[in-house]
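For reference, the chains in residue letters:
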Amino acid sequence: MSSIQTTKQLGHALRAARKQLGLTQPQLALAAGVGVRFIVDLEAGKTTLRLENVLRVIDALGGKLELLGLPSSIPENDAKGKSNDA
């Protein structure tokens, strides 16, 4: 497991995972439902990307996001993938 604290570190980790899986940037973009430019920007460590799309890419690579050091209780609706956004 990698400890990631910057967008550059995240980009490097996701690029390494993509390459390890033998995927091109266009293939990953298609699998994640995002544009190729998004993958390029993500791997470069761009700081202003949509979190929803970052999570799609992580999922397409077979990964998951875990937060350490934060309270672990998740509201029931959020745990089932539902949103409580107003």
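> Break down the overall build of the protein for me, with residues and values.
Counting its secondary structure elements, the protein contains five helices and zero strands. The helix and strand sequence of the protein, counted from the amino end, reads α-α-α-α-α. For the protein, buried positions account for 21% of its 86 residues. The contacts in the protein between residues at least 6 apart in sequence include a share of 48% that link residues at least 24 apart.

> An account of the pattern of salt bridges is requested, with residue identities and associated values reported.
Under the criterion given, the structure shown has seven salt bridges. For the salt bridge of R37 with D41, the shortest nitrogen-to-oxygen distance reads 2.8 Å. Placement of the pair is R37 and D41 together in helix α3 (residues 36-44), with a separation of four residues, close to one helical turn. Of the residues examined, R37 reaches a relative accessible area of 55% and is grouped as exposed. Given a relative accessible area of 13%, D41 falls into the buried group. Here the residues in one salt-bridge network are R15, R18 and E43, joined through shared partners.

> Tell me about the packing of helix α2 (residues 25-32) against α3, and please be specific about residues and values.
The geometry of α2 relative to α3 is characterised by a closest axis approach of 8 Å and an angle of 110° between their N-to-C directions. By the angle between their axes, α2 is roughly perpendicular relative to α3. Between α2 and α3, the contacting residues are Q25, P26, L28 and A29 on the first element and V36, I39, V40 and E43 on the second.

> Could you give me a rundown of the packing of α3 against helix α4 (residues 51-60), with the residues and numbers involved?
Closest axis-to-axis distance for the α3/α4 pair is 11 Å, and the angle between their directions is 90°. It follows from the interaxial angle that α3 and α4 lie roughly perpendicular. Between α3 and α4, the contacting residues are F38, I39 and L42 on the first element and N53, V54 and V57 on the second. Here the contact of α3 with α4 is composed, by residue class, of five nonpolar, one polar and no charged.

> Tell me about the nonpolar core, residues and numbers included.
By size, the foremost hydrophobic cluster in this structure holds twelve residues: L14, L28, A29, A32, V34, F38, I39, L42, V54, V57, I58 and L61. Going through the elements one at a time, α2, α3 and α4 are the ones with two or more residues in this core.

> I'd like a description of α4, backed by residues and values.
Taken residue by residue, α4 has N53, V54, V57 and I58 as its buried positions. For α4, the angular spread of the buried residues around the axis is 145°, confining them to a single face. Close packing links the buried residues of α4 with α1 (7-20), α2 and α3. Residue G62 follows α4 closely and has a positive phi angle near 85°.

Reading guide: rules and limits
Residues numbered from 1 in each chain as written. Predicted model: local features only at pLDDT ≥ 70, side-chain atom pairs only at ≥ 80, totals over all residues. Heavy atoms only, no water. Helix = DSSP H or I, 4+ residues; strand = E, 2+ residues; numbered from the N terminus. Buried < 20%, exposed > 50% of the residue type's maximum accessible area, 1.4 Å probe, protein only. Contact = heavy atoms within 4.5 Å. Salt bridge = Lys/Arg side-chain N within 4 Å of Asp/Glu carboxyl O. Axes fitted to C-alpha atoms, helices over the stretch in contact; angles between N-to-C directions. Parallel < 35°, antiparallel > 145°, perpendicular 65-115°, else oblique. Nonpolar A, V, L, I, M, F, W, Y, C, P; charged D, E, K, R; others polar. Core = buried A, V, L, I, M, F, W, Y, C linked by side-chain atoms within 4.5 Å. Arc of directions from axis to C-beta.

It is worth stressing that arrangement in space is one thing and function is another; only the former is reported here.
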